[in-house]
Amino acid sequence: QVQLVESGGGLVQPGGSLRLSCAASGSALSIYAMGWYRQAPGKQRELVATISSDKITRYADSVKGRFAISGDYRLYTVDLQMNSLKPEDTAVYYCNAEGRRITGSLFSSWGRGTQVTVSS
């Protein structure tokens, strides 16, 4: 079983910054992609940013140039630095990890989410 623990959410004013962190744990895992998704009230969950084990990154157009994702695949951690935050960035942010168990089966696991609120 894969556990993901997120931290770093909170309340920030427009233009401010926050850093989200996520750590994955579990036995006999091989993780090949980690990332962040978000879900605002009344909206579907959407991709924010992902990073693969070979450091390929992908960003939603709405966060390009403002957010930066980084990952450590030795420790299975992923961080999201969020700058120039806007009210429309307000959402619950979820960490995701995809990989393969030692049994060969694939998995896609989610954290419980952390609230980010951008408001004056």
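Located above this text is the structure these notes cover.
Residues numbered from 1 in each chain as written. Predicted model: local features only at pLDDT ≥ 70, side-chain atom pairs only at ≥ 80, totals over all residues. Heavy atoms only, no water.

## A word on the sheet that holds strand E8 (residues 77-82)
Phase 1 of the analysis: Read across the sheet, 4 strands follow the order E1-E3-E8-E7 without closing on themselves; strand pairing throughout is antiparallel. Only two strands of the sheet have a single neighbouring strand rather than two, namely strand E1 (3-7) and strand E7 (67-72). When strand polarity is set aside, the average angle formed by the axes of neighbouring strands in this sheet is 15 degrees.
Phase 2 of the analysis: Of the strand pairs in this sheet, strand E3 (residues 18-25) and E8 are connected by 6 bridges, and their pairing is antiparallel. Bridged to leucine 18 within E8 is methionine 82. (Pairing = 2+ DSSP bridges. Helix = DSSP H or I, 4+ residues; strand = E, 2+ residues; numbered from the N terminus. Axes fitted to C-alpha atoms, helices over the stretch in contact; angles between N-to-C directions.)

## Here's the deal with unusual backbone geometry
Phase 1 of the analysis: Of note, lysine 55 is a non-glycine position whose phi angle comes to about 70 degrees, a positive value.
Phase 2 of the analysis: Unlike most non-glycine residues, serine 84 shows phi in positive territory, near 50 degrees.
Phase 3 of the analysis: Along the polypeptide, serine 84 turns up in the loop between E8 and strand E9 (91-101).
Phase 4 of the analysis: Residue serine 84 is classed as partly exposed on the basis of its relative accessible area of 40%. (Buried < 20%, exposed > 50% of the residue type's maximum accessible area, 1.4 Å probe, protein only.)

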